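For reference, the chains in residue letters:
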Amino acid sequence: MEENVTGKDFFIFTAPRSGSTVLTRTLDKHPQIFCAGELFHPSENIYHPEWHFPFIGKKKKKGFSRKIFAVTNYIKGYFSGVDHIKKFYSKRNNKDICGFKLMIGHIQDFPTVWKYLRANNFKIIVLIRNNTFREALSSFRARKIGVFHSKEELELAQKKLIINATLLKKRVDELEAIKSYILNLSESNNRIVIMYEYFKNWQQMLAKVLDFLIVDKIEIEPELRKTS
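So, here's what we can say about the structure. Computed from a predicted model, the values in this text were never measured in an experiment.

Our next topic: the overall build of the protein. When you go through the protein residue by residue, the secondary structure sums to seven helices and six strands. What you see in the protein, going N to C, is helices and strands ordered as β-α-β-α-β-β-α-α-β-α-α-β-α. Within the protein, residue pairs in contact and separated by at least 24 positions form 73% of the contacts whose partners lie at least 6 positions apart. As displayed, the protein has an accessible area near 12600 Å², and 53% of this comes from carbon and sulfur atoms.

Here you go:
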């Protein structure tokens, strides 16, 4: 049975610091859309935590216990990840279409989920950041100040941040590789590619996404603000 019953259900396929959180939460404000966060994030601290995939144990920062966590939940996800997704899309939360955020790392940790989503023709909103240098800086700054998202405008740009040039170059290279990987993986699917840089013209960008999802094109203010 085709699980994408409306032909409109979707997921946001993205990398860190590319604007996916603000897009997710803003789409969720649309009267026809239910949009959740990272269902497959190890932490339960996600947007719409009621749909968090039930991991076994707690993820550690390093060490043998982290490896056990990774292997155990890889096996669990391999056999039950698709069932979790099917339940998510079938509930619909009284909305016309449903979607969630899938990070690049999730397709490696939950390969059966990725295979299922592609096989059932779910629409893909590919969200990437063209300027990977700024993306890398944003990543370092967020970790330094401990603020990843905010509903208020923050005056942080004047605060200096010292970054090791070698580490910065390494991160930029990693992000370039991730961007290429995302574009290549989704190339043959029903997708729309949105750049973070499009957010400067927010309502125009949002109208493009809503048109792709085939829902009413209404103006919605961004749910979050830039942190730098």
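Additional details are given in the paragraphs that follow.
Time to look at the environment of Leu213. Mapping Leu213 onto the fold places it in helix α7 (residues 202-213). Accessibility expressed as a relative area gives 0% for Leu213, which makes it buried. Once residues lying within four places of it in the same chain are set aside, the contact partners of Leu213 are Lys8, Phe10, Ile33, Ile97, Lys123 and Ile125.

Right, let's get into the packing of helix α1 (residues 20-27) against α7. Axis separation between α1 and α7 bottoms out at 12 Å; the angle between their running directions is 65°. For the element pair α1 / α7, the angle class is roughly perpendicular. Relative to α7, the crossing made by α1 is right-handed. Each of Val22, Leu23, Thr26 and Leu27 in α1 lies in contact with α7, whose residues at this interface are Trp202, Met205, Leu206, Val209 and Leu210.

To continue, consider helix α4 (residues 111-119). All buried positions along α4 are accounted for by Thr112, Val113, Trp114, Tyr116 and Leu117. Of the residues trailing α4, Asn121 is marked for its positive phi of about 60°.

Between its first and last C-alpha, helix α6 (residues 165-185) extends 30 Å over 21 residues, near the 30 Å set by a 1.5 Å rise per residue. For α6, the full list of buried residues reads Leu168, Arg171, Val172, Leu175, Ile178, Lys179, Ile182 and Leu185. Viewed along the axis of α6, the buried residues span an arc of 160°, placing them on a single side of the element. In α6, the exposed positions that point more than 90 degrees away from the buried face belong to Ala165, Thr166, Lys169, Lys170 and Asn184. Of the residues that open α6, the one with a side-chain oxygen 2.9 Å from the backbone nitrogen of Thr166 is Asn164.

Consider a sheet: its strands pair through backbone hydrogen bonds, and that pairing is either parallel or antiparallel. Pairing is parallel in the open sheet, where four strands are placed in the order β4-β1-β5-β6. In the strand order of this sheet, the two ends are held by β4 (101-103) and β6 (191-195), each with one partner. Here the strands of the sheet are splayed against their neighbours by 25° on average, with no regard to which way each runs. Two strands pair when backbone bridges link them, and strand β1 (residues 10-14) and strand β5 (residues 123-128) are joined in this way by five bridges, in the parallel orientation. Bridge pairing links Phe10 to Lys123 in β5. The strands that α7 touches are β1, β5 and β6; relative to β6, the one it contacts most, it runs at about 170°.

The next subject is the packing of aromatic side chains. Tallied over the entire structure, the rule returns 22 aromatic pairs. The positively charged end of Lys76 is found above the aromatic ring belonging to Phe53, 5.4 Å away from the centroid. Taking the ring centre of Tyr196 as reference, the NZ or CZ of Arg129 above it sits at 3.9 Å.

Basis of the calculations
Residues numbered from 1 in each chain as written. Predicted model: local features only at pLDDT ≥ 70, side-chain atom pairs only at ≥ 80, totals over all residues. Heavy atoms only, no water. Helix = DSSP H or I, 4+ residues; strand = E, 2+ residues; numbered from the N terminus. Contact = heavy atoms within 4.5 Å. Areas by Shrake-Rupley, 256 points an atom, 1.4 Å probe, with all protein chains shown as cover. Buried < 20%, exposed > 50% of the residue type's maximum accessible area, 1.4 Å probe, protein only. Axes fitted to C-alpha atoms, helices over the stretch in contact; angles between N-to-C directions. Parallel < 35°, antiparallel > 145°, perpendicular 65-115°, else oblique. Left-handed = near helix turned anticlockwise from the far one by under 90°. Expected span 1.5 Å × (residues − 1). Arc of directions from axis to C-beta. Polar contact = N/O pair within 3.5 Å; in protein donor to acceptor, adjacent residues only side chain to side chain. Pairing = 2+ DSSP bridges. Phe/Tyr/Trp six-rings, centres within 6.5 Å; stacked < 30°, edge-to-face > 60°. Lys NZ or Arg CZ within 6 Å of the ring centre and 35° of its normal.

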